[in-house]
Amino acid sequence: MTDYTVFAYLADVIIWPEHRGQGIGKQLVQALIDHPEVKTVSHWSLSTSDAHGLYEKFGFETDGRYMRPERKPAA
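Residues numbered from 1 in each chain as written. Predicted model: local features only at pLDDT ≥ 70, side-chain atom pairs only at ≥ 80, totals over all residues. Heavy atoms only, no water.

Visitor: Just to check I follow, could you spell out the overall build of the protein chain for this structure?
Guide: Helices and strands together make up the secondary structure of the protein chain, namely two helices and four strands. Secondary structure of the protein chain in N-to-C order comes out as β-α-β-α-β-β. In terms of overall dimensions, the protein chain is globule-like: its C-alpha atoms have a radius of gyration of 12 Å, near the 11 Å expected for 75 residues. Here the C-alpha coordinates of the protein chain stretch approximately 40 × 30 × 20 Å along the principal axes. Each of the 75 residues in the protein chain was classed as buried or not, and the buried ones make up 28%. For the protein chain, long-range pairs separated by at least 24 residues make up 58% of all intrachain contacts whose partners lie at least 6 apart in sequence. Surface exposure of the protein chain reaches about 5200 Å², of which carbon and sulfur atoms provide 55%. (Helix = DSSP H or I, 4+ residues; strand = E, 2+ residues; numbered from the N terminus. Rg over C-alpha atoms; globule rule 2.2 N^0.38 Å. Buried < 20%, exposed > 50% of the residue type's maximum accessible area, 1.4 Å probe, protein only. Contact = heavy atoms within 4.5 Å. Areas by Shrake-Rupley, 256 points an atom, 1.4 Å probe, with all protein chains shown as cover.)

Visitor: Help me understand the pairing of strand 4 (residues 66-69) in this model?
Guide: Taking every second residue as pointing to the same face, the buried face of strand 4 carries M67 and P69, while none of Y66 and R68 on the other face is buried. Strand direction decides the pairing type here: strand 3 (residues 60-63) and strand 4, joined by four bridges, are antiparallel. Bridge pairing links F60 to P69 in strand 4. Taken together, strand 3 and the strand that follows it, strand 4, pair antiparallel across an intervening segment of two residues, in which G64 is found at a positive phi of about 70°. (Pairing = 2+ DSSP bridges.)

The values reported here are purely geometric and, on their own, carry no functional implication.
Here it is in structure tokens:
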């Protein structure tokens with residue numbers, strides 16, 4: 001969910017168990033945060049109960065209940 005300018009909320013990425021370990025989650029998250037329509041978004045947020053390690057690889061840090069990245073938007 002995003003306004004394409006300032007805010008984006010990423011719902012937890014869910015990969016079915018039989019497809020885990022193939023890099024699908026990483027590819028999905030990378031494609032989402034690199035998408036041209038959200039390159040200028042400066043405030044990202046997500047909530048996850050068990051995939052902190054996945055999102056930390058993309059710069060997300062735990063901020064209470066949510067995770068937020070240290071990210072400067074592209075110009």
